[in-house]
Structures are given as C-alpha cells and as structure tokens.
Amino acid sequence: MTLAGRAAQGLLDGDPSLHLRVETNRSIGELAAGLVERGFPEPEFDSMKCMVGRLDRLCFDDDGVEVSLVRCPPAQVSPGRRDLVTGEPVAMLDEEGLRRAVDSLARGEAPF
C-alpha cells in the first residue's frame with residue numbers, strides 16, 4: 001500500500017484526506033471486506049477515470065478523514081511517483097516510509 005499526495009509529505013490541510021494506492025490483483029470486494037474486518041467503516045464502491053483507463057476505488061470517512069483507496073492492478077498500472085489522473089509527479093510514501101514517519105513522531109522528532 002502506498003500513500004500518495006500531500007499527506008505523503010506530512011502536509012495535512014484543514015480538511016484532511018488520504019489517497020492510498022494498493023497494487024494488487026485482489027478484487028475490490030476483497031479489499032473492502034478486509035477493511036471492514038479490521039474495523040474501518042463500510043466503504044462506498046466507486047471508480048475513477050485515469051491515464052490508464054478506469055480503476056476501482058473505495059471511499060470512506062474515518063473519524064473526519066476522507067480516505068480514497070484505489071486498486072491498481074500491476075498489469076494495468078506501472079509503479080511510479082505519478083498522479084494517476086494528470087501524470088504529474090506526486091509525493092509517495094510506502095508502508096516502510098510511513099512506519100518510519102510514525103516512529104519519528106512517537107519519539108517527538110520531525111518525520112519528514
């Protein structure tokens with residue numbers, strides 16, 4: 001899973017949102033079930049038009065944070081630091097980078 005956009009730089013606005021990408025061949029239904037099993041709210045099923053066609057997306061609100069999770073099949077979406085819609089460069093943070101940032105915050109250090 002990868003965090004994309006301003007949040008990946010540690011920049012959270014007054015109306016925070018998280019944009020997540022999951023590179024997987026699992027179905028969108030399986031991803032939704034996994035989220036609900038882990039205690040997240042029931043997501044809305046959606047899709048988005050992007051540079052490589054249409055991608056499945058799950059959307060939900062988690063304690064005031066709008067979360068968008070896009071399913072990126074590896075055969076359709078090549079990994080990279082590009083906005084899926086515009087193709088412009090975008091900040092990305094993988095799971096390990098996110099763990100390091102959270103650990104830094106827990107120690108009272110700047111995460112980025």
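Since the model is a prediction, treat every value here as computed from it, not as a measurement.

## Points about empty space enclosed by the protein
No. 1: Summed over the entire model, instances satisfying the criterion amount to one cavity of 30 Å³ or more.
No. 2: Of the volumes computed, that of the largest cavity is approximately 40 Å³.
No. 3: As for the largest cavity, its lining consists of Arg 21, Glu 23, Cys 72, Val 77, Ser 78, Pro 79 and Gly 80.
No. 4: Taken together, the residues that form the lining of the largest cavity break down as three nonpolar, two polar and two charged.

## Remarks on the side chain of Thr 24
No. 1: Following the sequence through the fold, Thr 24 ends up in the loop between strand S2 (17-23) and helix H1 (28-37).
No. 2: Within the local environment of Thr 24, its side chain forms a polar contact with the backbone nitrogen of Arg 26, the two atoms lying 3.0 Å apart.
No. 3: Look past the residues within four positions of Thr 24 in its chain and what remains in contact with it is Leu 31, Arg 71, Cys 72, Pro 73 and Pro 74.

## Some details on the sheet that holds strand S3 (residues 44-50)
No. 1: Within the open sheet, the six strands sit side by side as S3-S4-S5-S2-S1-S6. Their pairing is mixed. Whereas interior strands pair on both sides, the edge strands pair on one side only; in this sheet they are S3 and strand S6 (92-94). Taken over all neighbouring pairs, the strand axes of this sheet differ in orientation by 30° on average, direction set aside.
No. 2: Summarising the sheet, strand S1 (residues 2-4) and S2 pair through three bridges and their orientation is antiparallel. Paired with Ala 4 across the strands is His 19, a residue of S2.
No. 3: On top of the sheet, H1 reaches S2, S3, strand S4 (53-62) and strand S5 (65-72); it is set at about 15° to S4, its chief contact.

Rules behind the numbers
- Residues numbered from 1 in each chain as written.
- Predicted model: local features only at pLDDT ≥ 70, side-chain atom pairs only at ≥ 80, totals over all residues.
- Heavy atoms only, no water.
- 1 Å grid on protein atoms, 1.4 Å probe; cavity = no way out; pocket = protein on both sides within 12 Å on 5 of 7 lines; lining within 4 Å.
- Points joined across faces, edges and corners; volume = space filled by probe spheres on them.
- Nonpolar A, V, L, I, M, F, W, Y, C, P; charged D, E, K, R; others polar.
- Helix = DSSP H or I, 4+ residues; strand = E, 2+ residues; numbered from the N terminus.
- Polar contact = N/O pair within 3.5 Å; in protein donor to acceptor, adjacent residues only side chain to side chain.
- Contact = heavy atoms within 4.5 Å.
- Pairing = 2+ DSSP bridges.
- Axes fitted to C-alpha atoms, helices over the stretch in contact; angles between N-to-C directions.

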